[in-house]
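Chain by chain, the residues:
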Amino acid sequence: MELYPNYIDSSTTNSPGEIKFFNKLKGIKYSKNILFHSLDVRDHISNFMGEIDFLMIVPEKGILTIEIKSHKRIEFNKETGFWKLGNDNPERRGPFKQARDNRISLREKLIGNYPVLKGILFWDLVIFSEVKIENQYEWNKWEYMDSRDFQLNDEDFLKKIESTLEIAFEKNKEKLP
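Figured I'd write up the structure that's included with this text. Just so we're clear, the structure is a prediction, and the values are computed from it rather than from any experiment.

1. So, the side chain of His 37
By the secondary structure assignment, His 37 is in strand S2 (residues 34–41). Residue classification places His 37 among the buried positions, given a relative accessible area of 12%. Polar contacts involving the side chain of His 37 include one to the side chain of Glu 18, which spans 2.7 Å.

2. Quick look at the sheet that holds strand S1 (residues 2–4)
The strand order S1-S2-S3-S4-S7-S8 describes an open sheet built from six strands, whose pairing is mixed. At either end of the open sheet lies a strand with only one pairing partner, and these are S1 and strand S8 (144–145). Examined bridge by bridge, S2 and strand S3 (residues 50–58) share seven bridges and lie antiparallel to one another. If you follow Leu 39 over to S3, its bridge partner there is Ile 52. Each of S2, S3, strand S4 (62–69), strand S7 (122–128) and S8 is contacted by helix H2 (residues 95–113), which is oriented at about 150° to S7, the strand it contacts most. The strands that helix H3 (residues 154–172) touches are S3, S4, S7 and S8; relative to S7, the one it contacts most, it runs at about 140°.

3. Describing the packing of helix H1 (residues 16–25) against H3
Two elements in contact, H1 and H3, have axes separated by 9 Å at closest approach and are oriented at 110°. If you check the angle between H1 and H3, you find them roughly perpendicular. On H3, the residues that touch Phe 21, Lys 24 and Leu 25 of H1 are Asp 154, Phe 157, Leu 158 and Ile 161.

4. What to know about the environment of Leu 85
Note on placement: Leu 85 falls in strand S6 (residues 82–85). Given a relative accessible area of 8%, Leu 85 falls into the buried group. Along the sequence, Leu 85 and Lys 69 sit 16 residues apart, while their C-alpha atoms lie 8.4 Å from each other.

Each value, and the rule that gives it
Residues numbered from 1 in each chain as written. Predicted model: local features only at pLDDT ≥ 70, side-chain atom pairs only at ≥ 80, totals over all residues. Heavy atoms only, no water. Helix = DSSP H or I, 4+ residues; strand = E, 2+ residues; numbered from the N terminus. Buried < 20%, exposed > 50% of the residue type's maximum accessible area, 1.4 Å probe, protein only. Polar contact = N/O pair within 3.5 Å; in protein donor to acceptor, adjacent residues only side chain to side chain. Pairing = 2+ DSSP bridges. Contact = heavy atoms within 4.5 Å. Axes fitted to C-alpha atoms, helices over the stretch in contact; angles between N-to-C directions. Parallel < 35°, antiparallel > 145°, perpendicular 65-115°, else oblique.

Right, dumping it as structure tokens:
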């Protein structure tokens, strides 16, 4: 796997989950995937600017934006729709909307500049690195991973990430150009 940059600086990366994720994948040599860390997203659809924690290009499958949440406590209130991540204030825009908005913003920008990419699948994945998430939310299990997935060996961990694109393709192939 190609990594850009090919290191992660723990003095400038505040997220232990991002470091954990990067370290889990950095030793995989056989993969043709390309992984970018910390990409700014200009012309964001809902914010002045966004940031994609990781962007993975999976040849012949698609492009995956990955949002890492490393809070030790995560709560979602189904009645109000508010998320509480660690000690942060509750907010309606949770990690799934954050990941989706980043993905849509990136896709619109890239397709605007490179129309040939229109047929490429773009999808998003949320990873909760420090907690177990029970399937009680509004999202499918294949759209997120949690602390249990870090128990997988590196290759199976990568396969699970790639399966997000495979499942998203199967569920959306009629909608793709």
